[in-house]
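# Tertiary structure, described
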Amino acid sequence: MLERSFNGTRLKEGRVYRGLTLTDLADNLNVSKQMISKYENGKSTPSFEVIMKMCNILNFPKDYFYEESINVKTGNTYFRSLLTSSKREREMQYDRIKYVTIIRVLLEEFVDFPSLDLPSMIEDDCNDIEKSAEKLRDYWGIGRKPIRDMVYLLETKGFVISTSTLPNKNIDAFGCLQTIGKKDYYSIVLSDNKKSFYRRQFDVSHELAHIILHDPYLNINDLSKEEFKQIEQEANDFASAFLMPRDEFLNDVLIHPTDLMHYKSLKKKWGVSIGAMVMRAYKLGVINNATYQYLQRNISQKGWRTKEPFDDIKEINQPVSMQQAIELLIENDYVSGESLLYRLSKEYGLTLNASEVEDLIGLEIGYLSNSKQEIPNNIVKLKDI
C-alpha cells in the first residue's frame, strides 16, 4: 500500500484558518515555534502523537493533514469592513471561501445550479458608477424597481453564497472570484451576525460592486490604505446606485427630503436602511450638507445607528441554493451526509468534520451526521429531475 506523506502546507492552512500564530500552536503542542515552521515547510514530520494533538487543537480530521485539495485559482478577496479588520483576521477567511466553492463543485455533480451571469464591462462603464449600476440592472432585466431580496437575486445569477459564523464581528461579508478547472465562480460568505435584512441587502450589493468595478482590474495587494478607502467608497456608491436607482428614488424622496419619518416610510419600499437613504439623498444633491448633518444628528439621537425601525421585524434574507440542494439529495435518499463528506474527501482532497461543512454552508448543526444512508445506484438521475 502506498504510504501517504504529512502535508506541511495543509498544516499551515489549518492553523491560519483557526487564527493561530506559530507561537500559539507551538505552545498548545508543547514544541518550539521553529519546529512548527519545520513541519509546515516539510523539513520535519510530526509524530503520530503530535498529529493527534493537532487534530484536537485545530479541529480537523487526521486525513486533512495528509491530502491536497483540488486546484483552486483565487483572485482578490474583498472584505466588507476591510479597514476595521486586521491582516490576520482576513487571512483566516481565505480558505473558508475556497472550501465553500469546493463544496459547491461537489454538489454540481448532482444538481444543476445557474451559471455565473455577468455582463462584459468596459473601463468607461466602471468609471461611471451610476452607469455601471444601470447597465447591470438592464442586463439582468430587473428594470428600476426595488430589489426585494439581494441574496436570492444573486443566487439566481449563479453566485455562490453562504452564511457562516465568523470569529471577527467586524467582518460583515467577503467575496472573491475563483476558478476551478475552466469554470469561474464568484463566492460570497456572509457573517451570520443577524444584524438586519436591510444591512444584509447593502452588504451583498457592496460585494457585487467589487466584481463589477474592480475585479479583475485591480490587484488589491498593491493598493495603499488610501486606495483601499477609495475602492470601498466606490463599492458603497455602487451599492446605493444599484439598490436605489436615481430617477425612481428621487421621485420618492423629493416629496419630504428633510423628514426622517418619510425615510422611515420609504424603508419598506426600497429595502434599504434609513441611513443609506439619507446618504443617497445627499450624494444626489437632494439635501445640502447642513441638512445632511442635521439628519445624522437626529439619527444618532433616536438610537438608529445601532437599530433602526423595522430591523427586528423583517426576517433576514438567507442563501438557500446549496442548503436546498443538500436537503433534496438527503431527504430523497440520493446520498447521505456521510457519503457527501466521503466524496468531498476522496474526490476533492478536503476532509472536514460534518460540523465544519454545516457551518460553512449554513446547515443546521447535526444535519449531515444524522442523515440516512442513500439507496444504492440512484444518484445519477438527479440532474435530470
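We now turn to the structure provided with this report.

Rules and cut-offs
- Residues numbered from 1 in each chain as written.
- Predicted model: local features only at pLDDT ≥ 70, side-chain atom pairs only at ≥ 80, totals over all residues.
- Heavy atoms only, no water.
- Helix = DSSP H or I, 4+ residues; strand = E, 2+ residues; numbered from the N terminus.
- Buried < 20%, exposed > 50% of the residue type's maximum accessible area, 1.4 Å probe, protein only.
- Areas by Shrake-Rupley, 256 points an atom, 1.4 Å probe, with all protein chains shown as cover.
- Lys, Arg positive; Asp, Glu negative; His and termini not counted.
- Charge placed at Lys NZ, Arg CZ, Asp CG, Glu CD.
- Salt bridge = Lys/Arg side-chain N within 4 Å of Asp/Glu carboxyl O.
- Expected span 1.5 Å × (residues − 1).
- Contact = heavy atoms within 4.5 Å.
- Core = buried A, V, L, I, M, F, W, Y, C linked by side-chain atoms within 4.5 Å.

From N to C terminus, the protein chain includes 17 helices and four strands. Burial analysis of the protein chain (385 residues in total) assigns 54% to the buried set. Per element, the accessible surface of the protein chain, about 18500 Å² overall, is 48% carbon and sulfur. Mean positive and mean negative side-chain charge positions of the protein chain (51 and 56 charges, respectively) differ by 3 Å.

Quick look at the pattern of salt bridges now. Per the stated rule, a full pass over the model turns up 23 salt bridges. Glu-108 is the salt-bridge partner of Lys-183, the closest N and O atoms lying 3.3 Å from each other. You can see Lys-183 sitting in strand S4 (residues 183–191) and its partner Glu-108 sitting in the loop between helix H5 (87–107) and helix H6 (123–127), a full 75 residues away along the chain. Residue Lys-307 is joined to Asp-312 by a salt bridge in which the shortest nitrogen-to-oxygen separation is 4.0 Å. Judged by its relative accessible area of 48%, Lys-307 is partly exposed. A single network of salt bridges, built from pairs that share partners, joins Arg-10, Glu-13, Glu-67, Asp-95 and Lys-98.

Moving on: helix H16 (residues 337–348). Since the α-helix packs 3.6 residues into each turn, any two residues three or four apart lie on the same face. The end-to-end C-alpha separation of H16 is 16 Å, in line with the 16 Å expected for twelve residues at 1.5 Å each. Every buried residue of H16 is listed here: Gly-337, Ser-339, Leu-340, Leu-341, Leu-344, Ser-345 and Tyr-348. Of the surrounding elements, those touching the buried residues of H16 are H5, helix H15 (321–331) and helix H17 (354–361). Immediately downstream of H16, the backbone of Gly-349 shows phi near 65°, a positive value.

Below, the discussion takes up unusual backbone geometry. Glycine aside, negative phi is the norm for most residues, and most peptide bonds take the trans geometry. For Asn-59, which is not glycine, the phi dihedral falls at a positive 60°. Of note, Asn-59 is situated in the loop between helix H4 (48–58) and strand S1 (73–80). Even without glycine at this site, Phe-310 takes up a positive phi of about 80°.

This paragraph deals with the nonpolar core. A general feature of soluble globular proteins is that nonpolar side chains tend to end up buried together. Phe-65, Leu-107, Ile-326, Leu-344, Leu-352 and Leu-368 are the most contacted members of the largest nonpolar core, which has 57 residues in total. The element that contributes the greatest number of residues to this core is H5, accounting for eight residues. Discounting chain neighbours no more than four positions away, the residues touching Leu-352 are Phe-60, Pro-61, Tyr-64, Tyr-99, Leu-341, Leu-344, Val-357 and Leu-360. Residues Ala-209, Ile-231, Leu-260 and Leu-295 belong to the second largest nonpolar core, which totals 55 residues.

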